Amino acid sequence: MQTYQFEYIGKWPSSNIVYRLNHRQRHKLEMEYKQLFTTLLGEQELPSINKFRIHLEYRSRLDADNTVPGLKVFVDTLRSLDIVTQDTSKHYCGLSITPNLRLPVNNTYLIKLEVLG
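Here's what I pulled together on the structure shown here.

1. Topic: the pattern of salt bridges
Tallied over the full model, the rule gives four salt bridges. Note that Lys-112 and Glu-57 form a salt bridge whose closest N and O atoms lie 3.0 Å from each other. In this pair, Lys-112 is assigned in strand 4 (residues 108-115) and Glu-57 in strand 2 (residues 52-59), connecting sequence segments 55 residues apart. The class for Lys-112 is partly exposed, based on a relative accessible area of 21%. What makes Glu-57 partly exposed here is its relative accessible area of 21%.

Here is the structure:
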């Protein structure tokens, strides 16, 4: 199994932030993070991926469930760049989110894209 790893240090879009925004503000936030993730993904040569799993390790003040909006944008970016063929349950086979206080600094997000097929 091949795993690709991406490290992001900075502010992360949390559920609490997203719930407070109106549609236009959410769209603007999504576009900002899609651009950020596009740059992050462009740093590695990625094949077309049919089946995958995402693992997130992070160090921040967020609860694990508050990291989901950022992961949603990350997966949507994978789709828009045609890195993953689909993000249905047949192709997107799982998600794990684990706080990791051993990461070097606060607001560090380590995203692992595990290729299953």
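2. Side note on the environment of Leu-101
Here Leu-101 lies in the loop between strand 3 (92-99) and strand 4. As for Leu-101 and Ser-60, which are separated by 41 residues in sequence, their C-alpha atoms are 8.3 Å apart.

3. Looking at the packing of aromatic side chains
Pairs of aromatic rings are described using the distance from one ring centre to the other and the angle between the two planes. Here the structure, examined in full by the defined rule, presents ten aromatic pairs. Aromatic pair Tyr-8 and Phe-37: ring centres 6.5 Å apart, planes at 75°, arrangement edge-to-face. Taken together, the residues Tyr-8 in strand 1 (residues 3-9) and Phe-37 in helix 2 (residues 23-41) connect sequence positions 29 residues apart. Like Tyr-8, the residue Phe-37 is buried in the burial classification. Relative to Tyr-109, the ring of Trp-12 has its centre 4.4 Å away and its plane inclined at 15°; by these criteria the two rings are stacked. With Trp-12 in the loop between strand 1 and helix 1 (15-20) and Tyr-109 in strand 4, the pair connects residues that are 97 residues apart, well separated along the chain.

4. Thoughts on the sheet that holds strand 1
Spatial ordering of the open sheet is given by 1-4-2-3, a layout of four strands whose pairing is mixed. At either end of the open sheet lies a strand with only one pairing partner, and these are strand 1 and strand 3. Strand-to-strand, the axes of this sheet are offset by a mean angle of 15°, without reference to chain direction. Pairing between strand 1 and strand 4: seven bridges, direction antiparallel. The partner of Gln-5 across the bridge, within strand 4, is Lys-112. Most of the contacts of helix 3 (residues 68-80) go to strand 2, to which it runs at about 140°, and overall it touches strand 1, strand 2, strand 3 and strand 4.

Conventions and cut-offs
- Residues numbered from 1 in each chain as written.
- Predicted model: local features only at pLDDT ≥ 70, side-chain atom pairs only at ≥ 80, totals over all residues.
- Heavy atoms only, no water.
- Salt bridge = Lys/Arg side-chain N within 4 Å of Asp/Glu carboxyl O.
- Helix = DSSP H or I, 4+ residues; strand = E, 2+ residues; numbered from the N terminus.
- Buried < 20%, exposed > 50% of the residue type's maximum accessible area, 1.4 Å probe, protein only.
- Phe/Tyr/Trp six-rings, centres within 6.5 Å; stacked < 30°, edge-to-face > 60°.
- Pairing = 2+ DSSP bridges.
- Axes fitted to C-alpha atoms, helices over the stretch in contact; angles between N-to-C directions.
- Contact = heavy atoms within 4.5 Å.

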